[in-house]
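# Observations on chain architecture
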Amino acid sequence: MKSESNNLYAAFRDRFPTDLGATFIQTEDDRVYSYRDLDKTSAKTAAAMESMGVKLGDRVAVQIEKSAEAVFLYLACIRMGAIYLPLNTAYSLSELKYFSKDAEPRLFVATPDTAATIERVLNDDQVLLTLDQNGRGSLAEKTEAATDTGLIAPVEANDVASIVYTSGTTGRPKGAMITHQNLAFHAQTLHKLWGFVPGEMLLHTLPIYHVHGLFIAINCVLWNGSGMRFLEKFDADAVLKFLPECGVMMGVPTFYSRLLANEAFDAEVCSKTRLFISGSAPLLANTFDAFQKRTGHTILERYGMTETGMITSNPLDGDRVAGSVGFALPGVEVRIADESGEVVDDGETGILELRGENVFQGYWRQPEKTKQEFRPDGYFISGDLAKKDKSGRVAIVGREKDLIITGGLNVYPKEVELEIDRIKGVDECAVIGLPHADFGEAVTAIVRRDARLPSIEETEITDALKARIAGFKQPKRVLFIDDLPRNAMGKVQKNLLREQFSELYD
Ligand code: AMP
């Protein structure tokens, strides 16, 4: 049944601080936005979008810079029952074209400087509005003129609140449908699990187009009814400046290794912080140890993915172990199985499967793909290779799908390979992730030239890719090889390539 109380926004609002003048967001340059600002601006933004024809269940695609107003836009979509579709600001026009065709957003919100280009990929009945980093643009003007009707739309708990695109191994991104209930489950569970203290500030340095910065960080703060210091992006000096006022920091492993590279980062800077949380990519034991030694703090590593949100976490009280992602969240069942779905013994490596209220509804308009990723008893097949010991402690040992994680962002090799293969002078290629001190893994292309054509060079390939795929997906290096190694089944043996070039970035 549809009800207002199923709307995630209603749950947030119930937990707002009694004093609505309390800080929700404080920017780097000390602009302060209160809970009252949040409530009013999100309601007016919802009213403005409604007047532009956005209805319950319509998609609102958003590709803008991080700002308080961008957070209010997300919350406006939630409260009006529209589906929020965040897009990485690095996506290229051809990628946007795909998303816009696939998700058919009613409204597209872009930055004023990209709007004219984006307009080219929209059709006549799609509306385009703008919002810049300072909260200005055509959406802001419409919001200003709108009336605060206090709208919170009645929804079903399982109605989709957001679609977040994750790349597929086939190279075609898939839209993960995340519900109001999924998000409420996370906020409630993680708020409790990580022991949020009333009034404590969170240091927010993550991007907000990804589930980590958007649903994990922001929603925990909203559940706590407290505030966050909202930085445009990660910057070690800014972290040093603002950490002493924050109780919690969430980050990807790269953030922690970059902090350690800064000599001014020490125990004193961290003395007021209660908890450092890491996720989205494996935290190297070296980083974990060095952080402990330098600051006296033990980073809490947790593991999750777009489709499922958080799955496991190291404990708040109890041992946090390097190389382990901890235990299944309360209410989440985790098992390790082989490819046929048979559960393996404790300590054996297999594919992590899970079930619980955290698991998404499926891939947008891809029922077949969705079916393939679930077992008949409702377990979702994560595709991550993992081990679980007798006590239930989980370690991620690899990625079945060869996903590359560079600076905390995911790159599916296949998608890059398809683009490189289209370049004249290329015969075939393999894209792999190689160890890199800063990025964790660096996207690297191994190319076999087309012998019939003039010899193509590295810069010609990197130049050709610039307009076609987002910067973070572009190879840091392109190497040439006479033949790609293949197994008897004709599959390229990427493990051999990884071994051969393992020291490329040393
Ligand atoms: P995403 O959908 O972008 O959140 O990426 C999810 C993938 O990131 C997972 O399937 C894992 O392969 C990887 N991942 C996330 N957190 C961790 C972690 N703590 N350790 C190892 N891999 C992780």
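Owing to the predicted nature of the structure, the values given are computational and were not obtained by experimental measurement. Here the residue numbering is sequential within each chain, running from 1 through the sequence in written order. Local features in this predicted model are restricted to residues whose pLDDT is 70 or higher, and side-chain atom pairs enter the listing and the counts only when it is 80 or higher, whereas totals over whole chains, interfaces and linings include all residues. In computing side-chain properties, one takes all heavy atoms of the structure into account and sets aside hydrogens as well as water.

So, on to the packing of helix H2 (residues 35-51) against helix H6 (residues 138-145). It is at 8 Å that the axes of H2 and H6 come closest, and there the two elements cross at 105°. Taken as axis vectors, H2 and H6 run roughly perpendicular relative to one another. Residues Thr-41, Lys-44, Thr-45, Ala-48 and Met-49 of H2 lie in contact with H6, whose contacting residues are Leu-139, Lys-142, Thr-143 and Glu-144. Tallied by class, the residues present in the contact of H2 with H6 amount to three nonpolar, three polar and three charged. Lines fitted to C-alpha atoms define the axes here, with helix axes fitted over just the stretch in contact, and angles between the N-to-C directions of these axes take values from 0 to 180 degrees. Strands are runs of DSSP state E lasting at least 2 residues, helices are runs of H or I lasting at least 4, and numbering of each runs from the N terminus. Here the word oblique covers every angle except those under 35 degrees (roughly parallel), over 145 (roughly antiparallel) and from 65 to 115 (roughly perpendicular). Every residue pair with non-hydrogen atoms within 4.5 Å of one another is taken to be in contact. Under the scheme applied here, ten amino acids are nonpolar (Ala, Val, Leu, Ile, Met, Phe, Trp, Tyr, Cys and Pro), four are charged (Asp, Glu, Lys and Arg), and all others, including Gly, are polar.

Right, let's talk about the site of the ligand for a bit. The rule for a residue being near a molecule or strand is that one of its heavy atoms must lie within 4 Å of it. Around the ligand, a shell composed of 16 residues is seen, among which His-210, Arg-302, Thr-306, Asp-384 and Asn-410 lie nearest. For the purposes of these results, a polar contact is taken to be a pair of N or O atoms within 3.5 Å, where, inside protein, one atom must be able to donate a hydrogen and its partner to accept one; residues adjacent in sequence count only when each atom of the pair is a side-chain atom. Separating an oxygen atom of the ligand from a side-chain N or O atom of His-210 is a distance of 2.9 Å. A distance of 3.2 Å is found between a nitrogen atom of the ligand and a backbone nitrogen or oxygen belonging to Ser-280. Note on areas: Shrake-Rupley, 1.4 Å probe, and residue coverage restricted to the protein chains presented here. In the complex, the protein chains occlude 94% of the 490 Å² of accessible area that the ligand would expose alone.

Let us look at the environment of Gln-366. Tracing the chain through its elements places Gln-366 in the loop between strand E18 (362-363) and helix H12 (367-372). Burial classes: relative accessible area under 20% of the type maximum marks a residue as buried, over 50% as exposed, and values in between as partly exposed (1.4 Å probe, protein chains only). Residue classification places Gln-366 among the partly exposed residues on the basis of a relative accessible area of 24%. On a C-alpha basis, the gap between Gln-366 and Ala-281 in space is 27 Å, while along the polypeptide they are 85 residues apart. Leave out the neighbours within four places in its chain, and Gln-366 touches Pro-173 and Lys-174.

Along helix H11 (residues 285-295), the residues classified as buried are Thr-287, Phe-288, Phe-291 and Thr-295. The arc that holds every buried residue of H11, seen down its axis, measures 100°, which confines them to one face. Those residues of H11 that are exposed and angled more than 90 degrees off the buried face are Asn-286 and Lys-293. Each element contacted by the buried residues of H11 is listed here: helix H10 (253-260) and strand E12 (275-278). Positive backbone phi, approximately 80°, marks Gly-296, located one or two places after H11. Summarising the geometry, the arc corresponds to the directions from the helix axis toward the C-beta atoms.

It is worth spelling out the packing of helix H7 (residues 180-193) against helix H8 (residues 211-224) at this point. Where H7 contacts H8, the two axes come as close as 9 Å, and the packing angle between them is 70°. One way to sum up the angle between H7 and H8 is to call them roughly perpendicular. The interaxial crossing formed by H7 with H8 has right-handed handedness. Seen from H7, the contacting residues are Leu-183, Ala-184, Ala-187, Gln-188, Leu-190 and His-191; seen from H8, they are Phe-215, Ile-216, Asn-219, Cys-220, Trp-223 and Asn-224. A per-class count over the contact of H7 with H8 returns eight nonpolar, four polar and no charged. If you view the pair so one helix is near and one far, a crossing is left-handed when the near helix is turned anticlockwise from the far one by less than a right angle, and right-handed when it is turned clockwise.

The subject of this paragraph is H7. Given the number of residues in a helix, its expected span is that number minus one, multiplied by 1.5 Å. Between its first and last C-alpha, H7 extends 20 Å over 14 residues, near the 20 Å set by a 1.5 Å rise per residue. The complete set of buried residues in H7 reads His-180, Asn-182, Leu-183, Phe-185, His-186, Ala-187, Thr-189, Leu-190 and His-191. Positive phi shows up at Gly-195, right after H7, with a value of about 60°.

Criterion for a salt bridge: a side-chain nitrogen of Lys or Arg within 4 Å of a carboxyl oxygen of Asp or Glu. Taken as a whole and assessed by the stated rule, the structure comprises 26 salt bridges. Lys-494 serves as the salt-bridge partner of Glu-417, at 2.8 Å between the closest nitrogen and oxygen. You can see Glu-417 sitting in helix H13 (residues 413-421) and its partner Lys-494 sitting in helix H15 (residues 494-500), a full 77 residues away along the chain. With relative accessibility at 14%, the residue Lys-494 sits in the buried group. With its nearest N and O atoms 2.8 Å apart, the salt bridge here joins Asp-450 to Arg-452. Overall, the relative accessible area of 73% leaves Arg-452 in the exposed class. Taken together, the shared-partner salt bridges in this structure form one network comprising Arg-335, Glu-353, Arg-375 and Asp-377.

It is worth spelling out a negative patch on the surface at this point. Patches in this entry comprise residues that are over 30% relatively accessible and not in a salt bridge; like charges within 9 Å are linked, as are nonpolar side chains (Val, Leu, Ile, Met, Phe, Trp, Tyr) within 5 Å. His residues and chain termini do not enter the charge count, which takes Lys and Arg as positive and Asp and Glu as negative. The atom standing in for a charge is NZ when the residue is Lys, CZ when it is Arg, CG when it is Asp and CD when it is Glu. A contiguous patch of negative charge on the surface is contributed by Glu-28, Glu-65, Asp-113, Glu-232, Asp-235 and Asp-237. On the secondary structure map, Asp-237 appears in helix H9 (residues 236-242). Judged by its relative accessible area of 52%, Asp-237 falls in the exposed class.

Our next topic: the domain arrangement of the chain. Residue ranges assigned to each domain were obtained from an automatic or database domain assignment. Annotation of the chain at the domain level lists domain 1 (4-180) and domain 2 (404-500). Domain 1 and domain 2 are separated by 35 Å when their C-alpha centres are compared.

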